[in-house]
Amino acid sequence: MLKAFKYRLYPTKPQTGDLERTLELCRQLYNSALQERRDTYRRAGQRVTFSQQSCYLPQIREELSEYKKVHSQVLQDVLHRVDRAFQGFFRRVKRGQKPGYPRFKGKRRYDSFTFPQAGANYGVKIQDGGKRVFLFGIGSVKLKLHRPLEGQIKTATVKREGDHWYIVFVCEVEPKPLPENNRAVGIDLGTNPHFLVTSDGEKVEAPRYYQKTQEKLAKVQRSLSRKKKGSNRYRKAKLRLAKLHRKIANQRKDFHHKLARKLVNTYGTIVHEDLNILALSRTPVAKGVHDAGWAEFLKILAYKAAEAGRRVIAVDPRYTSQDCPVCGRRERRPLWVREYTCPSCGTPLHRDVAAAQNILAKAWAEPSGKVSLRSPGL
Ligand SMILES: [Zn+2]
């Protein structure tokens, strides 16, 4: 299975210049390849293929010498990206969806380039026991390997995020099954302040530091809105805002990883709500600010579970927050009612814990419950 490892790069000033230049060359190649496809499609209704376009690469590198400083496979990967954008476009046309024609990438809108194979011959190589990485056309760049790299490197992508640079290695790793475990748990993706609640009654909140950064974010956002657009102070506040956004994203990711790790270590089977059905069925106010985070969290959970040989099941979430898990009585209650006693069987219940128990029960009741084993995105 594939696993991604992301590390911070510390390029020198001249190296940063070379990285920026590489991105710009890739962006220009992307846009001209897109242009060619658009023109041909408009004029003749015909498709240009990846192999037709990649034939030009040697010629481009011959005539535009700056392209010699970019590895040929990196350039091929750019053409692959154009190809994927078009395949997506044609797929949407075929399905009758709103197609959304592939777009040109503006300046600062092209933020990464990929070495599709790793190794010295392919333009990227780890050096000095992981303290540096050699990148074709850039040189030997300082690297912080904050956790060890595992498995066989398949691809390496260099990314710009704000004013930071990262490298993401996608590696082929062996799954590491944990010992068998018969414990099963249902999780309810919680309403505030809970991130999730388990059928065992555990209530997990987002960590304090994360909530604190979010409060800070709101403050910076307010102060930005008071500053004059285009002024020096506005620009500074904007930079601070971008930095905070990145910090929050990292903290959230860290929280997701730790929580997923804990669940996978504790339970052999984990049952959650199917987010696609949830999105269709619930009222917009029902679940608050965590929405965006759940999909991300479930992806990490599915991935860690697959790696450990655990089962993750997604079930239809309808009525899970209304039914009594003991006697099955269905009743709609206002959102603010968190704890109540079932009027039919007298069981004292907590709404979210009851929902989590119903979710768990559904996995056994609906054997068709979809087992989600997705591979991770980057
Ligand atoms: Zn009951």
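Quick caveat, the model's predicted, so the values are computed rather than measured. (Residues numbered from 1 in each chain as written. Predicted model: local features only at pLDDT ≥ 70, side-chain atom pairs only at ≥ 80, totals over all residues. Heavy atoms only, no water.)

Caption draft 1: Geometry of the pattern of salt bridges. All chains considered together, the criterion is met by 21 salt bridges. Between Arg252 and Glu296 there is a salt bridge, and its shortest N-O distance comes to 3.7 Å. Separated by 44 residues along the polypeptide, Arg252 in helix α6 (residues 232-266) and Glu296 in helix α8 (residues 291-308) bring together distant segments of the chain. On the basis of relative accessible area, Glu296 is assigned to the partly exposed category, the value being 29%. Residue Arg318 is joined to Asp316 by a salt bridge in which the shortest nitrogen-to-oxygen separation is 2.7 Å. What you see here is one network of salt bridges that share partners, running through Lys3, Glu150, Lys176 and Glu307. (Salt bridge = Lys/Arg side-chain N within 4 Å of Asp/Glu carboxyl O. Helix = DSSP H or I, 4+ residues; strand = E, 2+ residues; numbered from the N terminus. Buried < 20%, exposed > 50% of the residue type's maximum accessible area, 1.4 Å probe, protein only.)

Caption draft 2: Local environment of the pairing of strand β7 (residues 164-172). Of all nine residues making up β7, eight are buried, and the element is well covered by its neighbours. With nine bridges connecting them, strand β6 (residues 152-161) and β7 associate as antiparallel partners. Note on β7: the bridge partner recorded for Lys159 is Tyr166. Between β6 and β7, which pair antiparallel and follow one another directly, the connecting turn spans two residues, one of which, Gly162, has a positive phi of 65 degrees. (Pairing = 2+ DSSP bridges.)

Caption draft 3: Main features of the packing of helix α1 (residues 13-44) against helix α4 (residues 72-95). At their nearest, the axes of α1 and α4 sit 9 Å apart, and the two run at 40 degrees to each other. Taken together, the axes of α1 and α4 lie oblique to each other. Crossing angle aside, the handedness with which α1 passes α4 is right-handed. Here α1 contributes Cys26, Leu29, Tyr30, Ala33, Leu34, Arg37, Arg38 and Tyr41 to the contact with α4, which in turn contributes Val74, Leu75, Val78, Leu79, Arg81, Val82, Asp83, Ala85, Phe86 and Phe90. (Axes fitted to C-alpha atoms, helices over the stretch in contact; angles between N-to-C directions. Parallel < 35°, antiparallel > 145°, perpendicular 65-115°, else oblique. Left-handed = near helix turned anticlockwise from the far one by under 90°. Contact = heavy atoms within 4.5 Å.)

Caption draft 4: Seen up close, the domain arrangement of the chain. Along its sequence, the chain is carved into domain 1 (2-165) and domain 2 (184-371). Between the C-alpha centres of domain 1 and domain 2 there is a distance of 35 Å. (Domains from an automatic or database assignment.)

Caption draft 5: A look at the packing of helix α5 (residues 208-226) against α6. α6 packs onto α5 with a crossing angle of 160 degrees between their chain directions and a minimal axis gap of 10 Å. By the angle class used here, α5 and α6 are roughly antiparallel. Of the two elements, α5 crosses α6, and the hand of that crossing is left-handed. Facing α5, whose interface residues are Tyr209, Tyr210, Thr213, Gln214, Lys216, Leu217, Val220, Gln221, Ser223 and Leu224, α6 presents Tyr234, Ala237, Lys238, Arg240, Leu241, Leu244, His245, Lys247, Ile248, Gln251, Arg252 and Asp254.

Caption draft 6: Representation of the side chain of Gln53 in the model. Position of Gln53 relative to the elements: it lies in helix α2 (residues 50-54). Overall, the relative accessible area of 3% leaves Gln53 in the buried class. There is a polar contact of 2.8 Å between the side chain of Gln53 and the side chain of Glu36. Setting aside anything within four residues of it in sequence, one finds Gln53 in contact with Ala33, Glu36, Arg37, Val48, Leu79 and Val82. (Polar contact = N/O pair within 3.5 Å; in protein donor to acceptor, adjacent residues only side chain to side chain.)

Caption draft 7: The arrangement of α1 in detail. The end-to-end C-alpha separation of α1 is 47 Å, in line with the 46 Å expected for 32 residues at 1.5 Å each. At the C-terminal side of α1, Gly45 shows a positive phi close to 65 degrees. (Expected span 1.5 Å × (residues − 1).)

Caption draft 8: Layout of the pairing of strand β11 (residues 269-273). Burial analysis of β11 places five of its five residues in the buried class, which makes it a mostly covered element. Where strand β8 (residues 184-189) meets β11, three bridges bridge the pair, whose relative direction is parallel. Looking at the pairing, Ala184 lines up with Thr269 of β11. With five bridges connecting them, β11 and strand β12 (residues 311-315) associate as parallel partners. The residue bridging Val271 from the neighbouring strand is Ile313, located in β12.

Caption draft 9: Region of interest: the nonpolar core. Formed by 40 residues in total, the largest nonpolar core has its most connected members in Leu9, Val133, Leu135, Val158 and Ile167. For this core, the elements supplying multiple residues, two or more each, are β1 (2-10), α1, α4, β2 (112-115), β4 (132-135), β5 (139-144), β6 and β7. Ignoring any residue separated from it by four or fewer positions in sequence, one finds Leu9 in contact with Val133, Leu135, Val141, Lys142, Leu143, Val158, Trp165, Tyr166 and Ile167. Counting 31 residues, the second largest nonpolar core, distinct from the first, contains Val185, Leu224, Trp294 and Leu301. (Core = buried A, V, L, I, M, F, W, Y, C linked by side-chain atoms within 4.5 Å.)

Caption draft 10: Fine view of the coordination of the zinc ion. Within the protein, the zinc ion binds to Cys324 (SG), Cys327 (SG), Cys342 (SG) and Cys345 (SG); these donor distances fall in the range 2.3 Å. In this structure, the zinc ion is surrounded by four donor atoms whose angles at the metal cover 106 to 113 degrees, and the resulting shape is tetrahedral. Assessed through its relative accessible area of 4%, Cys324 is described here as buried. Accessibility expressed as a relative area gives 38% for Cys327, which makes it partly exposed. (Donors = N, O, S within 2.8 Å, 3.2 Å for Na, K, Ca; no water. Tetrahedral: all angles 85-135°; square planar, octahedral: opposite > 155°, others 65-115°.)

Caption draft 11: How the structure looks around unusual backbone geometry. Its identity as a non-glycine residue notwithstanding, Asp128 has a phi of 55 degrees, on the positive side. Note that Asp128 resides in the loop between β3 (124-127) and β4. A positive phi is found at Tyr319, a non-glycine position, where the angle reads about 70 degrees. On the secondary structure map, Tyr319 appears in the loop between β12 and β13 (339-341).

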